Amino acid sequence: MERPGRLLLLSELRVRNSAYDVSLSRSLLTWKRRISSPVYHPFRPRQDFDLVTTNETQVNLSNDQLLQKRVCHSVSVSEIISVREEEEENICKRRDDGSWKKIKEREGKDCRQAFTVLYVERCPQHRWRCAEVTFTCSEAALCQRWVNSIREQLSAITSRPKQLLVYINPYSGKRQGKRIYEQKVAPLFAQAGVSTHVIATEHADYARDHLRTEAELKKFDGVVCVGGDGMFSEIIHGLIWRTQIDGGVDPNCADEALLPCSLRIGIIPAGSTDCICFATVGTNDPVTSALHIIVGDSQPMDVCSVHHNNIFLRYSVSLLGYGFYGDVLTDSERKRWMGPARYDLSGVKMFLTHHYYEGAVSYLPARGIMGTPRDAARCRSGCVVCQHNGKQLSEKAERYEMDEASESESEGEWRTIRGKFLAINAASMSCACPRSPKGLSPAAHLSDGTTDLILVRKCSRFDFLRHLLRHTSKDDQFDLNFVEVHRVRRFCFTPRHCQSDSDLDLRENGKHQIFSQICRDHPACGCAPAYSSWNCDGEILTHTAIDVRVQSNLIRLFARGIEEPTVFEDLTSPCAI
Ligand SMILES: CCCCCCCCCCCCC/C=C/[C@@H](O)[C@H](CO)NC(=O)CCCCCCCCCCCCCCC
Ligand SMILES: Nc1ncnc2c1ncn2[C@@H]1O[C@H](COP(=O)(O)OP(=O)(O)OP(=O)(O)O)[C@@H](O)[C@H]1O
Ligand SMILES: [Ca+2]
């Protein structure tokens, strides 16, 4: 529990008709019921004893402890959304039967001034809600002092966005993006005093191109993406590109260190997978995401840059998948009209098709870092692994700048694995999503400067199903003899052509693409396609031979990583005893 620090205000105020000692420090707003108030009836069952509205933890407490816990609440100032003065007619009075009625007319000296504080309340499964509490003051001047003091504290928080650029993809997921934004998110932004400029995209790549060339980014404190992972991908492509051009860096050059984007990105989930939102917030809930944006959270994230023959192709933050996930995506694109269910149907189809692909994967292991892909520990809010590795990477970059002659990759040696693979996946973060709540690589980190390279070798359908099923249970999906996983900084993939070893680039020349397509369309010919496609955050790449590098902390989200349950217990409103 945060220490309250020096008190700025301390008053006796009323919440409903009970007296509370209310205090405000730079970090906490606390309201503690005066014990003399009629709050406790020893003969009433515990669950009926519910005069306070905030969360409570299920711990064994004595009646006295329970009483104290339930009468004292505190909210971190950083999680106050806003404060508003109440009109007189909104002030309530308790009826004899215990219910509440609004006081309509002025009732002489009973009439008081009130203000309402809106704040973040934690709910199960990492969801956040906007809760409110109304304080009634004995005089108008006192009410004004409280409102001004809270507003002063809020305006001192410089990390909160004031002006946001919002892109809505009306066709994401179940096509609910606009409705979700207007009904659930816009009212919260208005309450928090956040101004917005909202753009509904007119076609694919609209948001990317707008960010690249037109958007007046100086006017904004952040960009909000209402949509799925594909829409988020558009946003980062526009933003990263624009940042490099504005900063005089060539975004195409594979060896150039890219400049981090200064604007943070908020994700309002409205897509089909929404794994970037799920893996950074812990839930796909528009209200929770909106609240993380309002309080000005910041979560740095790794981005992989993908090149082919030194030509830039795309960025990836979640999954780069060849074989199974590439085929699922290719097949599902033809079924877009089905919405999110397209992935399940294509998943079953590709599972039954059971194609494997030959090729060589070379990788540069991540050395001298904390963490491995087989760790039991997970990347969580304030992750020490990300902090440690991030610090080490920036120190290394400084050393490299001072000594240009040193080899950038001198610390690692390339390793190569050749074989037949059902899937080659690179997960730069866990890729947790509702389909797989622990994700493709449960111990991957959001900002450690690495990606987890998962190789699933050719195996029986039964074994592959065992591997897939483990994504949905507690069992370790890597603990199988046909699966290996490596934490890497960089990797390359070269497909092996089914007929000729020297013919590695035929697909890019177009010739093999035709044969491959024929075989795909006529499975009866018995010739399995030689090439799959790369699924890059839900977009299909045009090349199969790729070179991938992790760019550490290139972007920042309005998120804080998934919170541990202990944070939920300790920091929610009831005060620690
Ligand atoms: C038997 C159940 C097994 C369930 C196994 C579930 C594993 C799911 C792992 C999901 C990983 C998602 C990674 C995120 C990728 C995103 O950047 C991208 C863009 O949004 N989404 C997809 O590519 C969308 C990818 C969607 C993949 C869906 C795969 C469904 C597999 C179903 C296999 C069924 C076998 C049934 C046998 C009878
Ligand atoms: N106005 C538009 N019309 C058609 N397509 C669009 C439009 N705006 C964006 N797109 C494209 O729609 C694609 C899918 O969008 P999005 O990722 O938001 O939803 P999804 O595919 O349902 O979800 P997920 O990526 O989470 O699986 C993206 O590739 C994006 O470029
Ligand atoms: Ca990572």
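Residues numbered from 1 in each chain as written. Chains lettered and ligands numbered in written order. Predicted model: local features only at pLDDT ≥ 70, side-chain atom pairs only at ≥ 80, totals over all residues.

Looking at an unreviewed UniProt entry, one finds the protein chain named Ceramide kinase-like isoform X2 and attributed to Cottoperca gobio.

Asker: Teacher, can you tell me more about the overall build of the protein chain here?
Answerer: From N to C terminus, the protein chain includes 14 helices and 23 strands. Counted over contacts in the protein chain with a minimum sequence separation of 6, partners at least 24 positions apart contribute 73%. (Helix = DSSP H or I, 4+ residues; strand = E, 2+ residues; numbered from the N terminus. Contact = placed C-beta atoms within 7 Å.)

Asker: I would appreciate a short explanation of helix α2 (residues 140–155) in the present structure.
Answerer: Since there are 3.6 residues in each turn of an α-helix, residues three or four apart along the chain are aligned in direction. The end-to-end C-alpha separation of α2 is 22 Å, in line with the 22 Å expected for 16 residues at 1.5 Å each. Regarding α2, the residues found buried are Cys143, Trp146 and Ile150. Projected onto a plane normal to the axis of α2, the buried residues spread over an arc of 65° and lie on a single side. Structural note: α2 exposes Ala140, Ala141, Asn148, Glu152 and Ser155 on the side pointing more than 90 degrees away from its buried face. For α2, the elements touching its buried residues are β1 (7–15), β2 (18–25), β5 (80–85), β8 (113–122) and β9 (128–137). (Expected span 1.5 Å × (residues − 1). Buried ≥ 20, exposed ≤ 12 C-beta atoms within 10 Å, placed from the backbone. Arc of directions from axis to C-beta.)

Asker: Whenever I open this one, the environment of Val166 confuses me. Can you help?
Answerer: By the secondary structure assignment, Val166 is in strand β10 (residues 163–168). A count of 22 C-beta atoms within 10 Å places Val166 in the buried class. Here the alpha-carbon distance between Val166 and Val317, two residues 151 residues apart in the chain, equals 20 Å. Filtering out sequence-adjacent residues up to four positions away, Val166 remains in contact with Thr196, His197, Val198, Ile199, Val224 and Val226.

Asker: Help me out: how do you make sense of the UniProt feature "domain: DAGKc" (unreviewed entry) in the protein chain in this one?
Answerer: Sites flagged by UniProt as "domain: DAGKc" (unreviewed entry) map to residues 159–310. Structurally, residues 159–310 is divided into 38% helix and 22% strand, and its ends, taken at the C-alpha atoms, are 38 Å apart. (UniProt positions renumbered as here; feature names shortened; annotations may be inferred.)

Asker: Looking at this model, I keep getting lost on the nonpolar core. Mind explaining?
Answerer: General note: in soluble globular proteins, nonpolar side chains tend to be found buried as a group. If you look at the biggest cluster of nonpolar residues, it comprises 127 residues, and the most contacted ones within it are Cys225, Val226 and Ile235. Tallying contributions element by element places helix α5 (residues 229–246) first for this core, with 7 residues. (Core = buried A, V, L, I, M, F, W, Y, C linked by C-beta atoms within 7 Å.)

Asker: Is there a simple way to think about the site of ligand 1 in this case?
Answerer: Close to ligand 1 lie 27 residues, the nearest being Asp229, Thr273, Tyr343, Gly347 and Gly538. Counting only elements with at least two residues in the shell around ligand 1, the list comes to α8 (324–333), α9 (341–353) and α11 (461–469). Of all the elements, α9 adds the most residues to the shell around ligand 1, at 5 residues. Its residues placed into classes, the shell around ligand 1 shows 14 nonpolar, 9 polar and 4 charged. (Near = placed C-beta within 6 Å. Nonpolar A, V, L, I, M, F, W, Y, C, P; charged D, E, K, R; others polar.)

Asker: Is there a simple way to think about helix α3 (residues 177–191) in this case?
Answerer: For α3, with 15 residues, the first-to-last C-alpha span of 20 Å sits near the 21 Å given by 1.5 Å per residue. Where α3 bends most, the angle comes to about 40°, and this point is Val185, followed within four residues by the proline Pro187. Residues of α3 that are buried: Gly177, Ile180, Tyr181, Val185 and Phe189. Looking at the buried positions of α3, the neighbouring elements they touch are β10, β11 (195–200), β12 (222–227), β13 (264–269) and α7 (286–294). Gly193 occupies a position one or two residues after α3 and carries a positive phi of about 75°. (Bend = angle between axes of the 7 residues up to and from the residue.)

Asker: How should the environment of Ala360 be read in this particular structure?
Answerer: Note on placement: Ala360 falls in strand β17 (residues 357–365). Residue classification places Ala360 among the partly exposed positions, given that 15 C-beta atoms sit within 10 Å. With 133 residues separating them along the chain, Ala360 and Phe493 place their C-alpha atoms 5.8 Å apart. The contacts of Ala360, once residues within four sequence positions are left out, are Thr416, Arg418, Thr494 and Arg496.

Asker: Would you mind going over the site of ligand 2 with me for this structure?
Answerer: What surrounds ligand 2 is a group of 22 residues, the closest being Ser172, Gly227, Gly228, Gly230 and Gly271. At 4 residues, α5 tops the list of elements feeding residues into the shell around ligand 2. In the shell around ligand 2, the residues fall into 5 nonpolar, 12 polar and 5 charged.

Asker: Is there a simple way to think about unusual backbone geometry in this case?
Answerer: Glycine aside, negative phi is the norm for most residues, and most peptide bonds take the trans geometry. Phi at Gln125 takes a positive value of approximately 60°, unusual for a residue other than glycine. Looking at the element boundaries, Gln125 is found in the loop between β8 and β9. Of the residues examined, Gln125 has 11 C-beta atoms within 10 Å and is grouped as exposed. Unlike most non-glycine residues, Cys431 shows phi in positive territory, near 65°. In this fold, Cys431 is placed in the loop between β18 (415–427) and β19 (451–457). Taking the number of C-beta atoms within 10 Å as the measure of exposure, Cys431 has 29 and is therefore buried.

Asker: What exactly am I supposed to notice about the sheet that holds strand β3 (residues 28–33) here?
Answerer: What holds strands together in a sheet is hydrogen bonding between their backbones, with the strands either parallel or antiparallel. Strand order across the open sheet formed by 7 strands is β4-β3-β2-β1-β9-β8-β5, with antiparallel pairing between neighbours. Each edge of the open sheet carries a strand with a single partner, namely β4 (72–76) and β5. Recorded for the sheet is a direction-independent mean angle of 30° between the axes of neighbouring strands. Strand direction decides the pairing type here: β1 and β2, joined by 8 bridges, are antiparallel. Across the sheet, Val15 pairs through a bridge with Ser18, a residue of β2. Sheet strands in contact with α7 are β5, β8 and β9, and its direction is about 60° off that of β9. (Pairing = 2+ DSSP bridges. Axes fitted to C-alpha atoms, helices over the stretch in contact; angles between N-to-C directions.)

Asker: What is the right way to look at the confidence of the model for the protein chain in this model?
Answerer: Close reading of the predicted structure is inappropriate where its pLDDT is low. Looking at the protein chain, the pLDDT average stands at 85 and 79% of residues meet or exceed 70. Between residues 39–59, whose pLDDT stays under 50, and residues either more than four places distant or in other chains, the model counts 25 contacts. Scored below 50 in pLDDT, residues 108–112 shows 6 contacts in the model against residues more than four places distant or in partner chains. Taken over the whole predicted complex, pTM reads 0.86, whereas the ipTM for its chain interfaces reads 0.95. (pLDDT = per-residue confidence, 0-100.)

Asker: Is there a simple way to think about the pairing of β10 in this case?
Answerer: Regular strands show a simple pattern: their side chains alternate between the two faces of the sheet. Burial runs high along β10: 5 of the 6 residues are buried. With 6 bridges connecting them, β10 and β11 associate as parallel partners. Looking at β11, one finds that Val166 is bridged to Val198. Across 5 bridges, the pairing between β10 and β12 is parallel. Within the sheet, the bridge partner assigned to Leu165 lies in β12 and is Val223.

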